[in-house]
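# Report on the structure
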Amino acid sequence: MTEEPITIEDLIRKVLSYNPDADVEVLRRAYHFSSEAHSSQKRVGGTPYIGHPVAVASILADMKMDVATIAAGLLHDTIEDTVTTIKDIKSLFGEEIAFLVEALTKLSKMEFMTKEEAQAENFRKMLLAMSEDVRVILIKFADRLHNMRTLRHLPENKRQRIASETIEIYAPIANRLGIGWLKIELEDLSFKIIMPDLYDELVRKVAKKREEQEGYLKEVTEIVNSKLKEEGVPGTVSWRIKHYYGIYQKMQKQKITFEEVHDVLGLRIITDTKANCYAILGLIHSLWTPIPGRFKDYIGVPKSNMYQSLHTTVIGPKGERVEFQIRTTEMNMLAEHGVASHWRYKEKGKVDEKTNRYISWLRDLIKAQRELSDAKDFLEAVKGEVVPEVLYVFTPKGEIKDMPVGSTPVDFAYSVHTQVGHRCIGAKVNDRIVPLKYTLKSGDTVEITTSPTHGPSRDWLNFVVTQRAKSRIKQWIKVEERKQSIELGIRLLEGELKRHDLSASVLKSEDMQKVLKFFSIQSLEDIYASVGHGKLSAHQVVNKFVPEKTEEEVPVTRIIRPQKEQKGITIKGVDNVLYHTAKCCFPIPGDGLVGFVTRGKGVTIHRKDCPNLDRLALDDARIVDVEWKTEGDATSSVRLWIETVDRPGILANLSALISSVNVNISHIKASSTEDKKAHITFIIEVRDKSQLSGLTQKIAQMEGVLKVSR
């Protein structure tokens, strides 16, 4: 099947049909400019390239858009694909059209299904441009729709990729902006490519059902028309056929067969006023019995995309189910065209209150996206915001909020304001206290209790469903953990510098820039955070300020001479022997000790209960007795292993406790487990076993600590 080309005169006639005062000369000039710019180009199917921008402009005319938008549709590929510059567009067509064309050019290289950082940035650009002027996304929609209509010329793998991103991103955004016809066509075109066999099967079954029920629907229509005339209520009755992807979704969601989908065919009644919508509903229910649970009032409580209609299903003549949709002419226009209906004939930047309501969610998302540097997270955030399934809850003041199905009081709190979410400590639903992970239901009235000293819990991420809540919680945890890591990193580095008799001022010297470069770290704050988080040790950093000596410069005997922290050990019956303490068990004053003679290295000092000793002591002659002398102010290293609940602040609290008893921390390592626990290893400097015992008792009593051991 070949696509019938659209001429510029066809386009102009279409525009004049709804806007007789349109400046069509602008469209002619845009057409001739685009035609000349693309003169040497052809599409994949072999047709002249100009056919694509004209088709895009025609779709925009079907949407009854203004002249500037349609002209931008004609010119949208000129900057990207030809030698034309934005200055050329500006000088020939003015600022408004140039703005739209430039915004579209920035979006042209989007690849939605990758995880690349550039892809996230391109997607952000689309949303930013859309928040400035909705017409940008409408032109992008028209471009995508024409590409989907002509996708047959592309290779199979590319067709699948484009169809997938269309059904996952473009169609839901079209739905969120209320453009019903566009959402339906994008979904069905994508469905046809992704699952062709199932699509063809549904086409056949729907056609058969329509043929079978045509007479029945005529009968019902006549009954309704007669009743409307009898009661003097204006109304036009027409048939509605559920679109193929909508049928597929219903079958999947409810796990039913095609034959069990009762609203494949339905009737739509268009009237003049809201009051008459309810009057007609009453007439329908007086004629036939309504099915309980199948009535939805989207007029009183509109959907998040401002869709309004009454839906009811009744047991009609012969016991057949019939679904009715009842709405006004204006409601029907909004259901089909959404935000596009508000942008007809408007000047750039003139946004009315209704248009603001369409894109307020987008502005919130743009604020949130600054916290989401990962492309996958950002795309998930978008999908979360355009999710079609919602429930409606009330604030204590009676305001309606639409939330995704599965939302909790914490999701609700973050939808009110970020700080309400952060400070949330409890919730009431319908005046009853409920857990924060309670699943909200339509009609619930939700009241949030807050505390100025409270912060989010990592556990909340296990049950919140909105991307807004998830991103805010993750960002808070990230900021808090970084703040604590920086504070801890400063303490660790200052302690390590003191051990080497170095001033803390070296951290701000020129030499520090070399250290940053060596570790590929951008700033001093980042290196504090890395040390505090355990990615780097304070020893590694400070070592860069201590001059290294070669083996020729330092005799072997000096390398293995007892270190400052190892003072006070005596090996019985042997004088002036070289020794060092074992790193596997970290013996300290008060421990029972044993020495293990190592050839060429002197004596290694272990605790008597060291698990490695049995493996090492193969020859009794190599074991020597060791005892501690009076050691004065000398300290020894010891390793503490701590298991805690994984939550923000636990590492900082542990570090503060250790520092509060004048114990120096020389190294720290922390990791999380899948079961929401944290494993933290400290290497600390203590005087003796007594000081260590007192410290471990305090740590064991700390909230959140599960285990502590050497």
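Residues numbered from 1 in each chain as written. Predicted model: local features only at pLDDT ≥ 70, side-chain atom pairs only at ≥ 80, totals over all residues. Heavy atoms only, no water.

### A short note on the overall build of the protein
Stated formally: Per the convention used, a helix needs a DSSP run of H or I reaching at least four residues, while a strand needs a run of E reaching at least two, with both numbered from the N terminus. The rule is simple: take the accessible area with a 1.4 Å probe, protein chains only, and divide by the maximum for that residue type; under 20% is buried, over 50% is exposed, in between is partly exposed. The contact criterion used is simple: two residues touch if any of their non-hydrogen atoms lie within 4.5 Å. Accessibility throughout is a Shrake-Rupley quantity obtained with a 1.4 Å probe, and a residue counts as covered only by protein chains that appear here.
Helices and strands together make up the secondary structure of the protein, namely 28 helices and 20 strands. Per-residue burial for the protein yields a buried fraction of 48% across its 710 residues. Put simply, 66% of the contacts in the protein that link residues at least 6 apart link residues at least 24 apart. Accessible surface computed for the protein: about 35800 Å², of which carbon and sulfur atoms make up 50%.

### Some points on the nonpolar core
Filter applied, for reference: Joining through side-chain atoms within 4.5 Å is the link that ties buried Ala, Val, Leu, Ile, Met, Phe, Trp, Tyr and Cys residues into a set, and such a set is a nonpolar core.
Counting residues in each nonpolar core, the largest one holds 61 residues, and the members touching the most others are Ile70, Ile97, Leu138 and Phe141. Ranked by residues supplied to this core, first place goes to helix α9 (residues 135-149) with 8 residues. Ile97 has contacts with Val26, Ala68, Ala71, Ala72, Leu75 and Ile89, leaving out every residue within four places of it along the chain. Of all hydrophobic cores here, the second largest spans 45 residues; its members include Val531, Phe586, Val663 and Ile668.

### Some details on the sheet that holds strand β18 (residues 664-672)
Cut-off, in case you're wondering: The criterion for strand pairing is that DSSP finds at least two bridges linking the strands in question. A fitted line through C-alpha atoms represents every axis, and for helices the fit uses only the stretch in contact; the resulting angles, taken between N-to-C directions, go from 0 to 180 degrees.
In space, the 4 strands of this open sheet follow the order β18-β19-β17-β20, with antiparallel pairing throughout. At either margin of the open sheet sits one strand with a lone partner, and together these are β18 and β20 (705-709). For this sheet, the mean angle separating the axes of adjacent strands, direction not counted, is 20°. Across 10 bridges, the pairing between strand β17 (residues 636-645) and strand β19 (residues 677-686) is antiparallel. Across the sheet, residue Leu640 finds its bridge partner in β19, namely Phe682. Of the strands in this sheet, β17, β18, β19 and β20 are in contact with helix α27 (residues 650-660), which crosses β19 at around 20°. The strands that helix α28 (residues 689-700) touches are β17, β19 and β20; relative to β17, the one it contacts most, it runs at about 10°.

### Looking at the pairing of strand β7 (residues 390-394)
Consecutive side chains along a regular strand alternate between the two faces of the sheet. Direction of pairing for β7 relative to strand β8 (residues 400-404): antiparallel, over a ladder of 5 bridges. Each residue of the ladder has a partner; that of Tyr392, found in β8, is Asp402. Counting the residues in the hairpin turn of β7 and β8 gives 5 residues, including Gly398, whose phi is positive at 90°.

### Some thoughts on the environment of Gly398
Note that Gly398 resides in the loop between β7 and β8. The class for Gly398 is partly exposed, based on a relative accessible area of 44%. With 48 residues separating them in the primary sequence, Gly398 and Val446 have C-alpha atoms 9.8 Å apart.

### Comments concerning the pattern of salt bridges
Using the following cut-off: Only one rule defines a salt bridge in this text: a Lys or Arg side-chain nitrogen within 4 Å of an Asp or Glu carboxyl oxygen.
In this structure the tally under the stated criterion is 19 salt bridges. In this structure, the salt-bridge partner of Glu219 is Lys318, at a minimum N-O distance of 3.7 Å. Here Glu219, found in helix α12 (residues 196-231), pairs with Lys318, found in the loop between β5 (310-315) and β6 (321-328); they are 99 residues apart in sequence, far enough to count as distant. With a shortest N-O distance of 3.2 Å, Lys483 and Glu480 are connected by a salt bridge. With Lys483 and Glu480 both in helix α21 (residues 467-499), this residue pair falls 3 residues apart, about one helical turn. Here Lys483 falls in the partly exposed class, since its relative accessible area comes to 42%. A residue is classified by how much of its surface remains accessible, and Glu480, at 18% relative accessible area, is buried. Through salt bridges with shared partners, a single ionic network connects Glu9, Glu25 and Arg28.

### What about the sheet that holds strand β9 (residues 424-429)?
Strand order in the open sheet formed by 3 strands is β10-β9-β11, with antiparallel pairing between adjacent strands. Two strands bound the open sheet, and with one partner strand each, they are β10 (432-434) and β11 (446-450). Sheet twist, expressed as the average angle between the axes of neighbouring strands with direction ignored, equals 35°. Two elements, β9 and β11, share 5 bridges in a ladder whose sense is antiparallel. Bridge pairing links Ala427 to Ile448 in β11. The strands touched by helix α19 (residues 409-416) are β9, β10 and β11; relative to β11, the strand with the most contacts, the crossing angle is about 80°.

### Notes on the packing of helix α2 (residues 24-37) against helix α4 (residues 67-75)
To describe two helices that pack against each other, one gives the angle between their axes and the distance between the axes. What counts is decided by this rule: Angles are sorted into four bins: roughly parallel if under 35 degrees, roughly antiparallel if over 145, roughly perpendicular if 65 to 115, and oblique for all others. All residues other than Ala, Val, Leu, Ile, Met, Phe, Trp, Tyr, Cys, Pro, Asp, Glu, Lys and Arg, Gly among them, are scored as polar; the first ten of these are nonpolar and the last four charged.
It is at 9 Å that the axes of α2 and α4 come closest, and there the two elements cross at 10°. With respect to their mutual orientation, α2 and α4 come out roughly parallel. Judged by residue contacts, Val26, Leu27, Ala30, Tyr31, Phe33 and Ser34 of α2 engage Val67, Ile70, Ala71, Leu74 and Leu75 from α4. Its residues assigned to classes, the contact of α2 with α4 comprises 10 nonpolar, 1 polar and no charged.

### Brief notes about the packing of aromatic side chains
Here is the rule we go by: Here is the rule: rings of Phe, Tyr and Trp (six-membered ring for Trp) pair when centre to centre is within 6.5 Å. Planes less than 30 degrees apart are stacked, more than 60 are edge-to-face, and the remainder are tilted. Put simply, a charge is over a ring when the Lys NZ or the Arg CZ is close to the ring centre, within 6 Å, and near the line of the ring normal, within 35 degrees.
Within the structure shown, the criterion is met by 10 aromatic pairs. The structure contains a cluster of three or more aromatic residues connected by ring pairs, namely Phe191, Tyr199, Tyr244, Tyr245 and Tyr248. Directly above the aromatic system of Phe258 lies the positively charged group of Lys209, at a separation of 5.5 Å from the ring centroid.

### Quick notes on the confidence of the model for the protein
As a reminder of what qualifies: A score from 0 to 100, pLDDT tells how confident the predictor is in each residue.
Of the residues in the protein, 81% have a pLDDT of 70 or more, and the chain-wide mean is 80. Within the protein, the element-level pLDDT minimum falls on helix α25 (residues 556-559), averaging 30, and the maximum on helix α14 (residues 274-287), averaging 95. Here residues 344-351 is modelled with pLDDT under 50, and outside its nearest four sequence neighbours on either side it reaches 16 contacts, counting other chains as well. Every residue in residues 549-566 scores below 50 in pLDDT, and together they form 15 contacts with partners more than four places removed in sequence or on other chains.

### Describing the environment of Val44
One can find Val44 in the loop between α2 and α3 (51-62). With a relative accessible area of 60%, Val44 lands in the exposed category. Separated by 108 residues in the primary sequence, Val44 and Arg152 place their C-alpha atoms 9.7 Å from one another. Once residues lying within four places of it in the same chain are set aside, the contact partners of Val44 are His153 and Leu154.

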